[in-house]
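# Structural description and commentary
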Amino acid sequence: MFITFLIILVSAFTILPLYSAPVQSERVQDIVDNSTITRIQKPLAVRTDRETLEYFIEHVEELTKHGKDFKKKDLILEVKRNGHYGIQMPSKHITGEFALAEQQPQKAVYLGHGSATVFFNFSGAIVLKIDYTTLRDEAGSYEEVNTSVYLKFDNAFLGFIAKAASPLLNPKLDKLITKFATKTKKVVEAAYENKKRTK
């Protein structure tokens, strides 16, 4: 059950509101440098143009509006103030808040904080880094997306347990991250195909 919760917590990333840009950068770096769990995913080929990909990076709420793959029991996104989003995963008892902390050409960083309840409350901060590059193959151009996830538990003791359980936990985390990345890829690719048809 503990491992299940840790997997769930990774899904509930949120931005800590009211941080200024320099403080936000320091917070991101602290989580990356002192993460309890770090997962670097395999590159994902997304058949889209950069404009469409960046639209969804800047407008995360559109994933659930456009994506039939995102069911209400899986993911509820709520637009809040100043570029912040609320996130809920009702079936997993997860809540949180997140926002885009940094965006540069070919790079986006989200910072978040989330909590979940299994037998008691867990909470932690998460950084999601997305890097993307336009490539070409025989089928045409696409965006190669690289995702890194850094999770830092608020409670050091739970963080210690999570590190000890990492041989069991990491494959489950990777599976969950891959599941959400695949759903996101489908939404972005469908939106791009629709854009091409309407031009």
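This text goes with the structure placed above it.
Everything in this summary refers to the structure shown in the same document. Everything quoted here is computed from the prediction, not taken from an experiment. (Residues numbered from 1 in each chain as written. Predicted model: local features only at pLDDT ≥ 70, side-chain atom pairs only at ≥ 80, totals over all residues. Heavy atoms only, no water.)

### A word on the nonpolar core
Note the cut-off: To qualify as a nonpolar core, a set must consist of buried Ala, Val, Leu, Ile, Met, Phe, Trp, Tyr and Cys residues joined through side-chain atoms within 4.5 Å. Throughout, exposure labels follow a simple rule: accessible area from a 1.4 Å probe, protein chains only, divided by the maximum for the residue type, with under 20% read as buried, over 50% as exposed, and the rest as partly exposed. Secondary structure counts use DSSP, requiring at least four H or I residues in a row for a helix and at least two E residues in a row for a strand, with both numbered from the N terminus. Contact criterion: two residues are considered in contact whenever any of their non-hydrogen atoms come within 4.5 Å of each other.
Ranked by internal contacts, the top residues of the largest apolar core, which has 35 residues, are Ile-37, Val-60, Phe-98 and Tyr-110. Listing elements by their share of this core, those giving two or more residues are helix H3 (50-58), strand S4 (84-89), strand S5 (94-104), strand S6 (107-117), strand S7 (121-137), strand S8 (140-153), helix H5 (156-164) and helix H6 (166-198). Here the element with the most residues in this core is H6; it accounts for seven residues. Contacts of Val-60, omitting those with residues within four sequence positions, involve Leu-77, Tyr-85, Phe-98 and Tyr-110. Residues Val-28, Leu-111, Ala-125 and Val-127 belong to the second largest nonpolar core, which totals eight residues.

### Focus: the packing of H3 against H6
Our working rule: Here an angle of 0 to 180 degrees is reported between the N-to-C directions of two axes, which are lines fitted to C-alpha atoms, with helices fitted over the stretch in contact. Oblique is the label for any angle not under 35 degrees, not over 145, and not in the 65 to 115 range, which are roughly parallel, roughly antiparallel and roughly perpendicular in turn. By the definition used in this description, the sense in which the near helix is turned from the far one sets the handedness, with an anticlockwise turn below a right angle giving left-handed and a clockwise turn giving right-handed. For this classification, the nonpolar set comprises Ala, Val, Leu, Ile, Met, Phe, Trp, Tyr, Cys and Pro, the charged set comprises Asp, Glu, Lys and Arg, and every other residue, Gly included, is treated as polar.
Running from amino to carboxyl end, H3 crosses H6 at an angle of 130°, the nearest separation of the two axes being 10 Å. By the angle class used here, H3 and H6 are oblique. Taken as a pair, H3 and H6 cross one another with a handedness that is right-handed. Between H3 and H6, the residues in contact are Glu-51, Thr-52, Leu-53 and Phe-56 and Val-187, Val-188, Ala-191, Tyr-192 and Lys-195, respectively. Classifying every residue of the contact of H3 with H6 gives six nonpolar, one polar and two charged.

### Here's the deal with unusual backbone geometry
Even without being glycine, Gln-106 reaches a positive phi, approximately 65°. Residue position: Gln-106 is located in the loop between S5 and S6. Judged by relative accessible area, which is 30%, Gln-106 ranks as partly exposed.

### Thoughts on the pattern of salt bridges
Our working rule: Think of a salt bridge as a Lys or Arg side-chain nitrogen and an Asp or Glu carboxyl oxygen that are within 4 Å of each other.
Tallied over the entire structure, the rule returns eleven salt bridges. Close ionic contact of Asp-49 with Lys-195 constitutes a salt bridge, the shortest N to O distance being 2.6 Å. Of this pair, Asp-49 sits in the loop between strand S2 (44-46) and H3 while Lys-195 is found in helix H6, placing the two residues 146 residues apart along the sequence. In this structure, Glu-102 and Lys-107 form a salt bridge, with 3.9 Å as the shortest nitrogen-oxygen distance. Taken together, the shared-partner salt bridges in this structure form one network comprising Arg-27, Asp-30 and Lys-152.

### Regarding the pairing of S8
To keep things clear, this is the line we draw: Should DSSP find at least two bridges between two strands, the strands are taken to pair.
In terms of residue burial, S8 counts as a mostly covered element, since ten of its 14 residues are buried. With four bridges joining them, strand S1 (residues 37-40) and S8 adopt antiparallel strand pairing. Looking at S8, one finds that Thr-38 is bridged to Tyr-150. Of the pairings in the sheet, the one linking S2 to S8 comprises three bridges and is antiparallel in character. Bridging from a neighbouring strand, Leu-44 pairs with Val-145 of S8.

### So, the pairing of S4
Most of S4 sits out of view: five of its six residues are buried. Examined bridge by bridge, strand S3 (residues 76-79) and S4 share four bridges and lie antiparallel to one another. Within S4, the position partnered with Leu-77 by the bridge is Ile-87. Once S3 ends, the chain turns through four residues before running back antiparallel as S4, passing Asn-82 with a positive phi of about 50°. Where S4 lies against S5, six bridges are found, and the strand directions are antiparallel. Bridging across to S5, Ile-87 finds its partner in Gly-96.

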